[in-house]
Amino acid sequence: MANSASGFAVHDECKLKFVELKAKRSFRFIVFKIDEKIMQVTVEKLGQPEETYDDFTANLPANECRYAVYDFDFVTEDNCQKSKIFFIAWSPDGARIRSKMLYASTKDRFRRELDGIQVELQATDPSEMSIDVVKGRAY
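These remarks concern the structure in this document. All of these numbers come straight from a predicted model, not from anything done at the bench.

With respect to the pattern of salt bridges
Pairing between side chains becomes possible if they bear opposite charge and their charged atoms approach one another.
And then number 1: Counting across every chain of the model gives 13 salt bridges.
And then number 2: Among the ionic pairs, Arg 66 bridges to Glu 44, the shortest N-O distance being 2.8 Å. Taken together, the residues Arg 66 in strand β5 (residues 66-75) and Glu 44 in strand β4 (residues 40-47) connect sequence positions 22 residues apart.
And then number 3: Residue classification places Glu 44 among the partly exposed positions, given a relative accessible area of 36%.
And then number 4: As a salt-bridge pair, Glu 120 and Arg 111 come within 2.6 Å of each other at their nearest N and O atoms.
And then number 5: On the accessibility criterion, Glu 120 (21% relative accessible area) is partly exposed.
And then number 6: If you follow the salt bridges from partner to partner, you end up with Arg 25, Arg 28, Asp 71 and Asp 73 in one network.

See the structure below:
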């Protein structure tokens, strides 16, 4: 487990599952949660490769913060199949202030643990991470 000056840890499973997503394409997405009792980032949900972006967004709670990674497949104008790994910091307007502050203060440290992130998004409501936004950032 990795510790930081902010007093929170990243469970080893977070990094291991991210490597599986990146290298083996075992998952479409991973949703991470900070367990505030033990101050540790843990894996909350693993999305199977056949799951869609809508399945992914349905796994983000409406009033709670989360970190997530999403493996976005797309075809370029040259008809090449590509993939980009997105890091999404989900901090909805309805979340508790303490939770928003905790996620904001640990985001950069946690993101550095996940080597291979290509695009970062921060979203406070679903429109800020719609599929059109993701497509626009991928190309």
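Having seen the structure, we can now continue with the description.
Some points on the nonpolar core
And then number 1: In this structure, Phe 32, Val 41, Tyr 67, Val 69, Phe 87, Phe 110 and Leu 114 are the most contacted members of the largest nonpolar core, which totals 23 residues.
And then number 2: Those elements that place two or more of their residues in this core are α1 (12-24), β3 (29-35), β4, β5, β6 (81-90) and α3 (97-113).
And then number 3: Ignoring sequence-local partners within four residues, the contact set of Phe 87 consists of Tyr 67, Ala 68, Val 69, Lys 107, Phe 110, Arg 111, Leu 114, Ile 117, Val 119, Glu 120 and Leu 121.
And then number 4: Of all hydrophobic cores here, the second largest spans 18 residues; its members include Ala 68, Phe 72, Leu 121 and Ala 123.

Looking at the packing of aromatic side chains
And then number 1: Taken as a whole, this structure holds twelve aromatic pairs when the rule is applied.
And then number 2: Relative to Tyr 103, the ring of Tyr 67 lies with its centre 4.9 Å away and its plane at 55°, an arrangement referred to as tilted. Taken together, the residues Tyr 67 in strand β5 and Tyr 103 in helix α3 connect sequence positions 36 residues apart.
And then number 3: Since its relative accessible area comes to 1%, Tyr 67 is described here as buried.
And then number 4: Each ring, one from Phe 72 and one from Phe 86, has its centre 6.1 Å from the other, and the planes form 90°; the classification is edge-to-face. Linking Phe 72 in strand β5 with Phe 86 in strand β6, this pair joins segments that are 14 residues apart in sequence.

Quick word on the pairing of strand β7 (residues 119-123)
And then number 1: Side-chain alternation along β7 places Val 119, Leu 121 and Ala 123 on a buried face and Glu 120 and Gln 122 on a face that remains uncovered.
And then number 2: Where β6 and β7 come together, five bridges link them in parallel fashion. Within the sheet, the bridge partner assigned to Trp 90 lies in β7 and is Ala 123.

Description of α3
And then number 1: Between the first and last C-alpha of α3 there are 25 Å, a value that for 17 residues agrees with the 24 Å anticipated at 1.5 Å per step.
And then number 2: Where α3 bends most, at Lys 107, the angle is about 50°.
And then number 3: Along α3, the positions that sit buried rather than exposed are Ser 99, Leu 102, Tyr 103, Thr 106, Lys 107, Arg 109 and Phe 110.

Overview of the pairing of β5
And then number 1: Burial of β5 is extensive: eight of the ten residues sit out of reach of the surface.
And then number 2: In this sheet, β5 lies alongside β3 in antiparallel orientation, the contact comprising four bridges. Its bridge partner lying in β5, Ile 30 is registered against Val 69.
And then number 3: Note that β5 and β6 share ten bridges and pair antiparallel. Counted as the bridge partner of Tyr 70 is Phe 86 from β6.
And then number 4: Hairpin remark: β5 followed by β6, antiparallel, with five residues in the connecting loop; positive phi at Asn 79, about 65°.

What counts and how
Residues numbered from 1 in each chain as written. Predicted model: local features only at pLDDT ≥ 70, side-chain atom pairs only at ≥ 80, totals over all residues. Heavy atoms only, no water. Salt bridge = Lys/Arg side-chain N within 4 Å of Asp/Glu carboxyl O. Helix = DSSP H or I, 4+ residues; strand = E, 2+ residues; numbered from the N terminus. Buried < 20%, exposed > 50% of the residue type's maximum accessible area, 1.4 Å probe, protein only. Core = buried A, V, L, I, M, F, W, Y, C linked by side-chain atoms within 4.5 Å. Contact = heavy atoms within 4.5 Å. Phe/Tyr/Trp six-rings, centres within 6.5 Å; stacked < 30°, edge-to-face > 60°. Pairing = 2+ DSSP bridges. Expected span 1.5 Å × (residues − 1). Bend = angle between axes of the 7 residues up to and from the residue.

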